[in-house]
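Remarks on the overall topology
As a plain string of letters, each chain reads:
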Amino acid sequence: MSTPAQYIRPAYMAHLVIQTRRYQEMINWYATVFQTEPVFESDKLTFVTYDDEHHRFAFLNLPPQCPEDKNPMAPGIAHTAYSYASMNDLVQTYARLKGEGILPRWCINHGITTSFYYADPDGNELEFQYDNFRTPEACKAYFSSEAYFSNPIGKPFEPNVLLSCFEEGMSEADMLAAAEEAADPNALPVV
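These remarks concern the structure in this document. (Residues numbered from 1 in each chain as written. Predicted model: local features only at pLDDT ≥ 70, side-chain atom pairs only at ≥ 80, totals over all residues. Heavy atoms only, no water.)

Helix length check: helix 1 (residues 23-34) (12 residues) gives 16 Å between terminal C-alpha atoms against 16 Å at 1.5 Å per residue, within 8%. Within helix 1, burial applies to Tyr23, Met26, Ile27, Trp29, Tyr30, Val33 and Phe34. Taken end-on, helix 1 shows its buried residues confined to a sector of 165 degrees, consistent with a single buried face. (Helix = DSSP H or I, 4+ residues; strand = E, 2+ residues; numbered from the N terminus. Expected span 1.5 Å × (residues − 1). Buried < 20%, exposed > 50% of the residue type's maximum accessible area, 1.4 Å probe, protein only. Arc of directions from axis to C-beta.)

Structure representation (structure tokens):
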């Protein structure tokens, strides 16, 4: 039996294509951050992947005559988000990237997620997150809570304190509480 067209949804998000003037710098940054492997490389177009998908990112080398870079406050996609399977994976990714000199722009506990926001060499923002609730239903329910309504952005946290607490073996709740307490309360981005 066929499913009505209005109920057909994509199975998953497959890839992003990034146009850039910083071609090799962008390819190198994504290779470091996502630990990608090239699938196809040329001086005009490169495809890379970090898993069994044939490609997760494609980079298009813009010619010099293309228009100038867009204004970061112009309409468009604000960021893409990547979920990690555990707080352990998220914090260890922060530690690995910090060791490579790649630091987040800002870190925030949105209530629903613990999130690190990074910017690639072109200024595209990427959110690396971990769901603070164990089920999708609990995550969805949080959006209807008074806690979310009263603070939909969340609370900034100090990533180095989170990392130290993680290394000490503290619980996720205690780690976040300590990292939030150590954070600059004015560390929220301009929206």
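It is worth spelling out the packing of helix 2 (residues 87-99) against helix 5 (residues 159-167) at this point. Interhelical geometry of helix 2 versus helix 5 gives an angle of 120 degrees and a closest axis separation of 10 Å. Relative to helix 5, helix 2 is oriented oblique. As helix 2 runs across helix 5, the sense of the crossing is left-handed. Counting all contacts with helix 2, which are made through Asn88, Val91, Gln92, Tyr94, Ala95 and Lys98, the residues of helix 5 involved are Pro159, Asn160, Leu162, Leu163 and Phe166. (Axes fitted to C-alpha atoms, helices over the stretch in contact; angles between N-to-C directions. Parallel < 35°, antiparallel > 145°, perpendicular 65-115°, else oblique. Left-handed = near helix turned anticlockwise from the far one by under 90°. Contact = heavy atoms within 4.5 Å.)

What follows covers the side chain of Glu127. By the element assignment, Glu127 lies in strand 8 (residues 125-131). Although Glu127 is buried, it forms no salt bridge, and the closest oppositely charged side chain is Arg105 at an N-O distance of 13 Å. A polar contact is formed between the side chain of Glu127 and the side chain of Ser115, at a distance of 2.6 Å. Once residues within four sequence positions are removed from consideration, Glu127 is found in contact with His79, Thr80, Ala81, Tyr82, His110, Thr113, Ser115, Phe116 and Tyr117. (Lys, Arg positive; Asp, Glu negative; His and termini not counted. Salt bridge = Lys/Arg side-chain N within 4 Å of Asp/Glu carboxyl O. Polar contact = N/O pair within 3.5 Å; in protein donor to acceptor, adjacent residues only side chain to side chain.)

What follows is about helix 2. In this model, helix 2 (13 residues) spans 18 Å end to end at C-alpha, consistent with the 18 Å of a helix rising 1.5 Å per residue. Within helix 2, burial applies to Met87, Leu90, Val91, Thr93, Tyr94 and Leu97. In an axial view of helix 2, the angular spread of the buried residues amounts to 155 degrees, which keeps them on one side of the axis. Elements in contact with the buried residues of helix 2: helix 1, strand 7 (113-119), strand 8, helix 5 and helix 6 (172-182). The positive-phi residue at the C-terminal boundary of helix 2 is Gly101, with phi of around 80 degrees.

With that settled, consider the sheet that holds strand 5 (residues 79-83). The strand order 5-8-7-6-9 describes an open sheet built from 5 strands, whose pairing is mixed. A single partner strand is all that each edge strand has here, and the edge strands are strand 5 and strand 9 (155-156). Pairing of strand 7 with strand 8 involves 7 bridges; the strand directions are antiparallel. Looking at the pairing, Thr113 lines up with Asp131 of strand 8. (Pairing = 2+ DSSP bridges.)

Right, let's talk about the packing of helix 5 against helix 6 for a bit. For the pair helix 5 and helix 6, the least separation of the axes is 8 Å and the interaxial angle reads 150 degrees. Overall, the two elements helix 5 and helix 6 adopt an arrangement that is roughly antiparallel. The hand of the helix 5/helix 6 crossing is right-handed. Packed against helix 5, whose contacting residues are Val161, Leu162, Cys165 and Phe166, the element helix 6 presents Met175, Leu176, Ala178, Ala179 and Ala182 at the interface. A per-class count over the contact of helix 5 with helix 6 returns 9 nonpolar, no polar and no charged. (Nonpolar A, V, L, I, M, F, W, Y, C, P; charged D, E, K, R; others polar.)

The topology assignment puts Thr49 in strand 3 (residues 45-49). Looking at Thr49, its side chain comes within polar contact range of the main-chain oxygen of Glu53, at 2.7 Å. When near neighbours in sequence (up to four residues on either side) are disregarded, Thr49 contacts Thr36, Glu37, Val39, His54, His55 and Arg56.

To continue, consider the packing of aromatic side chains. Taken as a whole, this structure holds 21 aromatic pairs when the rule is applied. Relative to Tyr148, the ring of Phe143 lies with its centre 5.0 Å away and its plane at 80 degrees, an arrangement referred to as edge-to-face. One aromatic cluster in this structure is built from Trp29, Tyr30, Phe34, Tyr50, Phe57, Phe59, Tyr82, Tyr84, Tyr118 and Phe128. (Phe/Tyr/Trp six-rings, centres within 6.5 Å; stacked < 30°, edge-to-face > 60°.)

Under the criterion given, the structure shown has 4 salt bridges. The salt bridge involving Arg105 is made with Glu125; its shortest N-O contact spans 3.5 Å. Remark: Glu125 occurs in strand 8 and Arg105 occurs in the loop between helix 2 and strand 6 (106-109); sequence separation between them is 20 residues. Classification of Arg105 as exposed rests on a relative accessible area of 52%. Accessibility expressed as a relative area gives 16% for Glu125, which makes it buried. Residue Arg134 is joined to Glu172 by a salt bridge in which the shortest nitrogen-to-oxygen separation is 2.7 Å.

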